[in-house]
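# Reading the structure
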Amino acid sequence: DRCVIPAACKTSISSLLKTAPTKPYSCTINFGDYTVYYGGGTWFKVGMVIRNSTSGKLLHFAFQASSYENNRIAVTKYSDSNTYVDIISDSGAAYINKENVWLRLVNNNTNRIYYFSIDGINWSQLYSEANNTYFEENQIGIGILPWAVNTYTKFRHFKFDYTG
């Protein structure tokens, strides 16, 4: 699958979504060795999206890179792919190796737990919430938010796996 960002995209999340696995499940994204081409913007976000297809509400669990090297990982709430609501958890400015970024979402049928790692072996918990906080997800996938027209990213590798 290929994720194409619309030319007019600025604050919209573009995503590739699939039906969410049966709970309990675990989803992991690993990507790295990327190059960002800033076309007037100063940052981009890439990571996992969970969404309720009926309401359109979504959570973007993503790595944010900036031209200022102010890299962070955050869980951000949206009422739809165009409407930002709130950042519900943020790692703060953190060293994240751009060669390998690992994100993992675990839904254990009670809670959604968000983890990140710099090596795919040792995991740090970023955030945890009740399974039905904000919405019940029925879709999961990859989401990209470029923040500016003509800002795009090339990845040498990008992998998305889930079990459930």
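Look up: the structure comes first, before these words.
Just so you know, the residues in each chain are numbered from 1, in the order the chain's sequence is written. Only residues with pLDDT of at least 70 are given local features in this predicted model, and only at 80 or more are side-chain atom pairs given and counted; all residues enter the totals for whole chains, interfaces and linings. As a convention, hydrogens and water are excluded, and side-chain values are obtained from all of the structure's heavy atoms.

### Some details on the pattern of salt bridges
Selection rule: A side-chain nitrogen of Lys or Arg and a carboxyl oxygen of Asp or Glu constitute a salt bridge if their distance falls within 4 Å. The way it works is that DSSP assigns letters per residue, a run of H or I at least four long becomes a helix, a run of E at least two long becomes a strand, and they are numbered from the N terminus. Partly exposed residues are those whose accessible area sits between 20% and 50% of the maximum for their type, while under 20% is buried and over 50% is exposed, using a 1.4 Å probe and protein chains only.
Per the counting criterion, the structure on display carries four salt bridges. Among the ionic pairs, glutamate 129 bridges to arginine 112, the shortest N-O distance being 2.9 Å. With glutamate 129 in strand S9 (residues 124-130) and arginine 112 in strand S8 (residues 111-117), this residue pair connects regions lying 17 residues apart in the sequence. Of the residues examined, glutamate 129 reaches a relative accessible area of 5% and is grouped as buried. What you see here is one network of salt bridges that share partners, running through Arg112, Glu129 and Glu137.

### Focus on the nonpolar core
Note the threshold: Definition used in this section: a nonpolar core is a set of buried Ala, Val, Leu, Ile, Met, Phe, Trp, Tyr and Cys residues joined via side-chain atoms within 4.5 Å. It only takes one pair of heavy atoms within 4.5 Å for two residues to be counted as in contact.
Ranked by internal contacts, the top residues of the largest apolar core, which has 26 residues, are Met48, Ile50, Phe61 and Ile140. Elements that contribute at least two residues to this core include exactly strand S2 (25-37), strand S3 (43-51), strand S4 (58-66), strand S5 (72-80), strand S7 (101-107), S8 and strand S10 (139-145). Leaving out residues up to four positions away in the same chain, phenylalanine 61 has contacts with Gly47, Met48, Ile73, Ala74, Val75, Leu103, Arg104, Leu105, Tyr114, Tyr115 and Leu126. Residues Ile13, Trp43, Val49 and Leu58 belong to the second largest nonpolar core, which totals six residues.

### Focus on the side chain of glutamate 129
Put simply, the rule is: In protein, a polar contact means a hydrogen-donor-capable atom and an acceptor-capable atom, both N or O and within 3.5 Å, with residues adjacent in sequence counting only if both atoms are side-chain atoms; elsewhere, any N or O pair within 3.5 Å suffices.
Looking at glutamate 129, its side chain comes within polar contact range of the side chain of tyrosine 114, at 2.7 Å. Ignoring anything within four residues of it in the chain, the contact list for glutamate 129 reads Leu59, Ile88, Thr110, Asn111, Arg112 and Tyr114.

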